[in-house]
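Secondary and tertiary structure notes
Letter by letter, the chains look like this.
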Amino acid sequence: MNVRRRIARVRWQARMALLGQALWSAFWPGQIILGSFLLLALSDALPRLGGWTHSTVLVALAAALGWTVWRAWHRFRLPPAEAADRQVERASGLRHRPLTSLEDRPATTGSAGQALWGVHLARIAGQIRRLRAGWPAGVMPSRDPWALRILTLVCLATALGMVGGDAGDRLARALAPSFAAASPAPVTVDMWIEPPAYTGRPTLFAGGGETSFEVPEGSTVHARVAGVGGAAMLVAGPDRTVLESSGGVAEGGAPIRMGGRIAVMVDDRELAGWPATVIPDSPPHARFDMPPRATQRHAFRIDYGGSDDYGVAAMRLETALVDEPAAEPLVLPLPVLGEPEAPRGNAYFDLTAHIWAGREVILQVVAVDGAGQEGEGPPLLFVLPERPFEHPVARAIVEERKTLRWDGRDGTAERLDGIAAGTELYDGDPAVTVALAVAAARLRRAERAEPALATVRSLLWKTALRLEEGGLALADRELRASQEAIMRALEKGASAEEIDRLFDELRRSIDRLLRELAQRAGESGDNAGRGPEGQGQDRLVDREGLQQMVERIRRLWEAGARDEARELLSQLQNILENIRLARMGEGQAERQTEMLKKFKELRELGRDQQRLLDRTFRRGRPPPGESRRGPQGSRPGAESGYPDLQQAQEGLRRRLGNYMRSLGAGAGRVSEELGRADRSMRDALGALRSGKHGEALEAQGQALRDLQKAGDEMLRDFAREGGGPGGIAGGQSDFDPLGRRDGGFMPDGSDVVLPGEDSFQRARHIRDELRRRVGDETRPPPERDYIERLLRRF
């Protein structure tokens, strides 16, 4: 391109840029006025002002716009041509005005002068090789220091985005004032019914095509009326409530006590209404599923249940003395286990330290529903278990504790001093001497009956336990306290930190109890039941198994499965309540140990068969994208006969045969289930050799079921043997020797389906999102109330 053409093009671009800057700087006040009008139009505020006010505002805006245009026109000046050259030179970084030099002419016409002039032009051409127009320096910051022009554009863009396709209609209404009389705003009625939170029912919204409503007792109807001039009234059956009005909107609520019609009325005129029927809330029911019975640890167990139409909220056990009806009853909380509409569970209570131990009482289960209604079960007579004491000094201390009264405290203090004086009867244990002296001193110096008698009774009880069993009794007491604390925490929904702390205490309590039991067995010379590692008595659930159950309970609670956590905690209590505290005879202990050893062998055999069944299933699945080939029941590669699976199945059948022979040699009974399991393994082996994958799976599954049935039968035989002092008396076959429900061969809590790690993470994410939403003030109140109820329940 010719240099002069390029210079002309760049000069034209610079002139246009300078012209735009001049127009912008002259007419920018008019832009603000025009933008203000457009904002008023898009907000649809002008039509609401009335015809005359609307017109006045339009005239004022038009006059302001005309004045700014007239003023800008008189001040506007076109930029001169020299300004374009100066703009190009500034934008291109040129010095000494080379564009002006191009218009110069040489002073001489000689050859030397012409040559020098050519060199001068070549140097200028090199300097202007890259010309550009650029943008002129801004002058608006000095004229509009508050950037009102930018603010107007931003607000206008936001308004256009909000109104969308309605912008044209709003602009038309803003330009055409209406002098017609304003029509009254339409009357709208919103009505909804909110059942009580404990019912778990959703909110009912009126106006969705319903002709009537059936609402639970205790529901509340809410109404919101807009566009009404008079006083609005909410009718709920025979009750009438005036709605509170503010800014043309009336709203309020009223409880629905009786059936009838719910409606909104204005000046005795019904705006909207529907008939409603109230469903009565029946009181809950409570019962004993089994009569209360004492345990080997001198506690007592109750099996209870209840029912309610919307769910039982709480349960308790009330205990009252038969011979002292006026005495304040003892209230013991019960966990609500299972479905809230029909809960069932069991609980253990140790009242051996209570002054009512050994006395006849009336036991009654009470259920409470969400409305506070109570239902009482039938009363039962029961004698509270009393702990026997063999140590003579412990027995004497307990007798003084029973007869302790405020009026005879001085005599009790003297007798305690006498017991403390006979140090040879308790080997001079200084802890016992000090405890008896402290108890006597508190009785002599006490000014009021309470709390003096309560503290003395507690001190005497601990002293008697120390004499009778030493550290074992303290470990037992600590374990009971940990169990009760966790149950209460799960019931009231304690914090995660509190739950973790209580589970740590429970683990320590279990370890301490098992150590004390092992130490007691060693001190008494009972080596029966010791394993090759020299551990204590062998049990179906060892230390590791108990700790695994505690971890399962904690993880279920973290995942939000509160009912499953309570159920598994109840199973753990059953196990701990039935752990044997007394030693067996030598012959019985050896037989029990042998039976337990056989049971563990059979359980391991069943687990290996389960693993083989899983392997066979995975081997039979075709690879992704590959279709099944061959006859029905066969898989690709089955012609080889699955040699590794054959070898594994043959090994399991050989182990089962050795197990059956050893069981028969030990004078044990070989069950029919073991024989059927052996035949099923033989069929599975033949199917694998023939490459019949489906038949092999069926035979392996049948072998596994037969092994499980054999294990269940062995557990029932073990229970009928008695299992030592902690066994199941009477040969009940519904429970294993540790008091667990006999649910399937390995009832150590492993049958509880524990969610995977992804389920735990998903549960935490859902809980965090609900907590975020309930704290969001911009969300509707009904939604936040509903989320709060969810968080309280789960």
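Structure: above.
Presented here is a report on the structure given in the accompanying data block. (Residues numbered from 1 in each chain as written. Predicted model: local features only at pLDDT ≥ 70, side-chain atom pairs only at ≥ 80, totals over all residues. Heavy atoms only, no water.)

Moving on, we get to the overall build of the protein. Scanning the protein from N- to C-terminus turns up 22 helices and 18 strands. Of the contacts formed within the protein by residues at least 6 apart in sequence, a portion of 69% connects residues at least 24 apart. Per element, the accessible surface of the protein, about 43200 Å² overall, is 54% carbon and sulfur. (Helix = DSSP H or I, 4+ residues; strand = E, 2+ residues; numbered from the N terminus. Contact = heavy atoms within 4.5 Å. Areas by Shrake-Rupley, 256 points an atom, 1.4 Å probe, with all protein chains shown as cover.)

The next point concerns the environment of R773. Inspection of the secondary structure puts R773 in helix α21 (residues 757-774). By relative accessible area, R773 is classed as partly exposed at 31%. Spatially, the C-alpha atom of R773 lies 9.6 Å from that of E788, the residues being 15 residues apart in sequence. Setting aside anything within four residues of it in sequence, one finds R773 in contact with R779, E783, R784 and I787. (Buried < 20%, exposed > 50% of the residue type's maximum accessible area, 1.4 Å probe, protein only.)

At a minimum axis distance of 10 Å, the contact between helix α11 (residues 430-445) and helix α12 (residues 452-469) shows a crossing angle of 165°. As judged from the angle between their axes, α11 and α12 are roughly antiparallel. Every pair of crossing elements has a handedness; the one defined by α11 and α12 is left-handed. In contact with A431, V432, A435, L436, V438, A439, R442 and L443 of α11, α12 contributes L453, T455, V456, L459, L460, T463, R466 and L467. Within the contact of α11 with α12, the residues separate by chemical class into 12 nonpolar, 2 polar and 2 charged. (Axes fitted to C-alpha atoms, helices over the stretch in contact; angles between N-to-C directions. Parallel < 35°, antiparallel > 145°, perpendicular 65-115°, else oblique. Left-handed = near helix turned anticlockwise from the far one by under 90°. Nonpolar A, V, L, I, M, F, W, Y, C, P; charged D, E, K, R; others polar.)

A word on the nonpolar core. Grouped together as the largest cluster of nonpolar side chains are 29 residues, with contacts concentrated most on I510 and L572. Broken down by secondary-structure element, the contributors of at least two residues to this core are α13 (471-492), α14 (496-523), α15 (543-558) and α16 (562-577). With 8 residues, the top contributor of residues to this core is α14. Discounting residues that sit within four places of it in the chain, L572 has contacts with L506, L546, M549, V550 and I553. Ranked by size, the runner-up nonpolar core spans 24 residues in total, among them Y304, V312, V336 and L363. (Core = buried A, V, L, I, M, F, W, Y, C linked by side-chain atoms within 4.5 Å.)

Moving on, we get to the pattern of salt bridges. Side-chain pairs of opposite charge can arise whenever the charged atoms involved come near each other. In the structure shown here, the tally under the stated rule is 28 salt bridges. For D239, the salt bridge goes to R257, with nearest N and O atoms at 2.7 Å. With D239 in strand β6 (residues 239-242) and R257 in the loop between β8 (249-255) and β9 (260-266), the pair connects residues that are 18 residues apart, well separated along the chain. Residue classification places D239 among the buried positions, given a relative accessible area of 19%. Its relative accessible area of 51% is what places R257 among the exposed residues. For D303, the salt bridge is made with R293, and the minimal N-O distance between the two is 3.1 Å. (Salt bridge = Lys/Arg side-chain N within 4 Å of Asp/Glu carboxyl O.)

Moving on, we get to the packing of aromatic side chains. The geometry of an aromatic ring pair comes down to the distance between the two centres and the angle between the two planes. Across all of its chains, the model carries 5 aromatic pairs by this definition. The interplanar angle of 70° and the centroid separation of 6.2 Å between the aromatic rings of Y198 and Y310 together place this pair among those described as edge-to-face. In this pair, Y198 is assigned in the loop between β1 (188-194) and β2 (204-205) and Y310 in the loop between β12 (300-307) and β13 (312-321), connecting sequence segments 112 residues apart. By relative accessible area, which is 25% here, Y198 ends up partly exposed. (Phe/Tyr/Trp six-rings, centres within 6.5 Å; stacked < 30°, edge-to-face > 60°.)

What follows covers the sheet that holds strand β4 (residues 220-226). An order of β2-β1-β4-β8-β7 is seen for the 5 strands of this open sheet, with the pairing classed as antiparallel. With one partner strand each, in any of the chains shown, β2 and β7 (244-246) form the two edges of the open sheet. Where β7 lies against β8, 3 bridges are found, and the strand directions are antiparallel. Bridge pairing in β8 places S246 opposite V249. (Pairing = 2+ DSSP bridges.)

V393, A394, I397, V398, E400 and R401 are the residues of helix α9 (residues 392-402) that are buried. For α9, the angular spread of buried residues about the axis comes to 160°, placing them on one side. (Arc of directions from axis to C-beta.)

What follows covers the sheet that holds β12. Strands in a sheet are paired, the pairing made by backbone hydrogen bonds, and the direction either parallel or antiparallel. Across the sheet, which stays open at both edges, the 3 strands sit in the order β11-β12-β15 with antiparallel pairing between neighbours. If you trace the sheet from one side to the other, it starts and ends with β11 (285-294) and β15 (344-349), each paired once. For this sheet, the mean inter-axis angle between neighbouring strands, taken without regard to orientation, is 20°. Examined bridge by bridge, β12 and β15 share 6 bridges and lie antiparallel to one another. Within β15, the position partnered with D303 by the bridge is N346.

Where nonpolar side chains cluster on the molecular surface, the patch consists of W146, L148 and L151 and spans about 390 Å² of accessible area. Along the polypeptide, L148 turns up in helix α7 (residues 148-163). (Patch = residues over 30% accessible without salt bridge, like charges linked within 9 Å, V, L, I, M, F, W, Y side chains within 5 Å.)

All right, on to unusual backbone geometry then. Following E450, the chain continues to P451 via a peptide bond in cis, the omega torsion being 10°. Turning to its location among the elements, P451 is positioned in the loop between α11 and α12. One non-glycine residue, D44, adopts positive backbone phi at about 60°. Locating D44 in the fold gives a position in the loop between α1 (3-42) and α2 (51-75). For D44, a relative accessible area of 14% translates into the label buried.

Relative to the helices and strands, S482 resides in helix α13. A distance of 3.0 Å separates polar atoms of two side chains, one belonging to S482 and the other to S509. (Polar contact = N/O pair within 3.5 Å; in protein donor to acceptor, adjacent residues only side chain to side chain.)

The first and last C-alpha atoms of α12 sit 26 Å apart over 18 residues, in line with the 26 Å expected at 1.5 Å per residue. Of the positions making up α12, those classed as buried are A452, L453, V456, R457, L460, W461, T463, A464, L465 and L467. Once α12 finishes, G470 follows within two positions and takes phi at roughly 70°, a positive value. (Expected span 1.5 Å × (residues − 1).)

A separate point is the pairing of β12. Both faces of the sheet carry side chains from a regular strand, because those side chains alternate between them. With respect to burial, β12 is a largely interior element, 7 of its 8 residues being buried. Looking at chain direction, β11 and β12 are connected through 7 bridges and run antiparallel. Paired with H285 across the two strands is S307, which belongs to β12. As consecutive antiparallel partners, β11 and β12 are separated by 5 residues, and within that stretch H298 has a phi angle of approximately 70°, a positive value.

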